[in-house]
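# Structural characterization, general
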Amino acid sequence: MTLALIPTGETANDPSCRTGAARRPSALLQREGAHDVFVPIPDDFELDFGGKLTQKQVVGRLHGKPNAPLVVVAGGISADRYVHRTETKGLGWWSGAVGVRAPIDLTRYRVLAFDFAPEFGEGIPQPQSPLTITTQDHARLLALLLDHLGVEKVAAFIGCSYGGMIALAFGEIYPNWAEQLVVVSAAHRPHPLATAWRGIQRRILELGLETGRVDQAIGLARELAMTTYRTPEEFDARFDNEAPSHAGQAYPVCDYLKSRGKAYRDRTTPQRWLTLSDSIDRHRVEPEAITAPVTLIGFTSDRLCPIEDMKELAARLPNLWRFVQADSLYGHDAFLKEDKFVGDILTSVLKDVEQ
């Protein structure tokens, strides 16, 4: 891996809180251990493109030290509130970065992660058709959680992939609520080629709904998605192209993709995937409106969020703290695979957070 750190100078952060009455911290912030937070969604909560959510609540999960500075963490569309290891869920989706003595240290910080809409889980009814949800909608759902918890100031909002898009939308809507944003592998808009790839995935899911072959459609769409997350170099290093003995038999790389697709079938529904995939492609923010200090982390091998888009974002942000670029074998998935590299940056970003 090669690394380029682009310094941008030090700009003092405006310490003022966002407009609104002072908040009293909730007792939930004082509880020991990890626990869920359930917040009703108001009846008058409307989505940006009209309509309302079918779910009645937004669900977050608090991890880490009680009454410590709050760090919000959000990931890709497959991520959820289980960011850290739990007894019932096993490893969290970002246990490489969030944990005791980890870069996002649960002995120093209170961490909030949350489930994206539409709600998903065993026994939860799913919408009959996809919803039109924006990253700004998700930022406002997060605001419901923060208001309920009485959070005056977020020490840092760390977002990766789709979570990075939500972090940018949050910074646009609530310019004074977060002390800083850390955005990994996300930009202010989606790239058209990435939209094209996701569009094919959506058409596979729609075909599965039309034909009643939902499991196969989810698996096949996930297989295609995996080819866009990773790099040609990684596939070349992992798989030889030795032909099977007969036509119709799978090549080793195809067996790998089939296993990834099969493993994903119980992780989502077609309607939920269609909703969140569309939300990615609907994402737009005005970088000039984001006044909080921002750290950007981008990977030159990322094809879903090209480094050129992140460079444009960096050039337009009024308060860019730093922009770190690196090579990686893992493309868009680098934030999940390059634990030490990403962890060192997070440690540096968080070292000055007041305890």
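Provided above is the structure to which this section pertains.
Reading guide: rules and limits
Residues numbered from 1 in each chain as written. Predicted model: local features only at pLDDT ≥ 70, side-chain atom pairs only at ≥ 80, totals over all residues. Heavy atoms only, no water. Helix = DSSP H or I, 4+ residues; strand = E, 2+ residues; numbered from the N terminus. Contact = heavy atoms within 4.5 Å. Axes fitted to C-alpha atoms, helices over the stretch in contact; angles between N-to-C directions. Parallel < 35°, antiparallel > 145°, perpendicular 65-115°, else oblique. Left-handed = near helix turned anticlockwise from the far one by under 90°. Nonpolar A, V, L, I, M, F, W, Y, C, P; charged D, E, K, R; others polar. Salt bridge = Lys/Arg side-chain N within 4 Å of Asp/Glu carboxyl O. Buried < 20%, exposed > 50% of the residue type's maximum accessible area, 1.4 Å probe, protein only. Pairing = 2+ DSSP bridges. Arc of directions from axis to C-beta.

## Looking at the environment of L313
Structurally, L313 is set in helix α8 (residues 307-316). Residues L313 and V285, spaced 28 residues apart in sequence, show a C-alpha to C-alpha distance of 9.9 Å. Setting aside residues up to four positions removed in sequence, L313 forms contacts with L168, A186, A187, H188, P287 and L296.

## Section: the packing of helix α4 (residues 214-229) against helix α6 (residues 252-263)
Packing of α4 against α6 brings their axes to within 8 Å, and their N-to-C directions diverge by 120°. Looking at the two axes, α4 sits oblique to α6. For α4 against α6, the interelement crossing comes out right-handed. Contacts between α4 and α6 involve G219, R222, E223, M226 and T227 on the former and, on the latter, Y256, L257, K258, R260 and G261. By residue class, the composition of the contact of α4 with α6 is three nonpolar, three polar and four charged.

## Focus on the pattern of salt bridges
Tallied over the full model, the rule gives 19 salt bridges. In this structure, the salt-bridge partner of R140 is D48, at a minimum N-O distance of 3.5 Å. Of the two residues, R140 sits in helix α1 (residues 135-149) while D48 sits in the loop between β2 (35-40) and β3 (57-64), which places them 92 residues apart along the sequence. Several salt bridges share partner residues, and in doing so they unite D36, R61, R81 and D115 into one network.

## Some details on the pairing of strand β7 (residues 110-114)
In terms of residue burial, β7 counts as a mostly covered element, since five of its five residues are buried. Burial of the side chains of β7 extends over both faces: R110, L112 and F114 are buried on one face and V111 and A113 on the other. Two strands pair when backbone bridges link them, and β3 and β7 are joined in this way by five bridges, in the antiparallel orientation. Considered in β7, the bridge of G60 is made with F114. Where strand β4 (residues 70-74) and β7 come together, three bridges link them in parallel fashion. Note on β7: the bridge partner recorded for V71 is V111.

## Details of α8
By the burial criterion, the buried members of α8 are I307, D309, M310, L313 and A314. The buried residues of α8 occupy an angular sector of 155° when the element is viewed end-on, so they sit on one face. The outward face of α8, more than 90 degrees from its buried face, is lined by the exposed residues E308 and A315. Contacts made by the buried residues of α8 are with α2 (162-173), β9 (181-184), β10 (294-299) and β11 (320-326).

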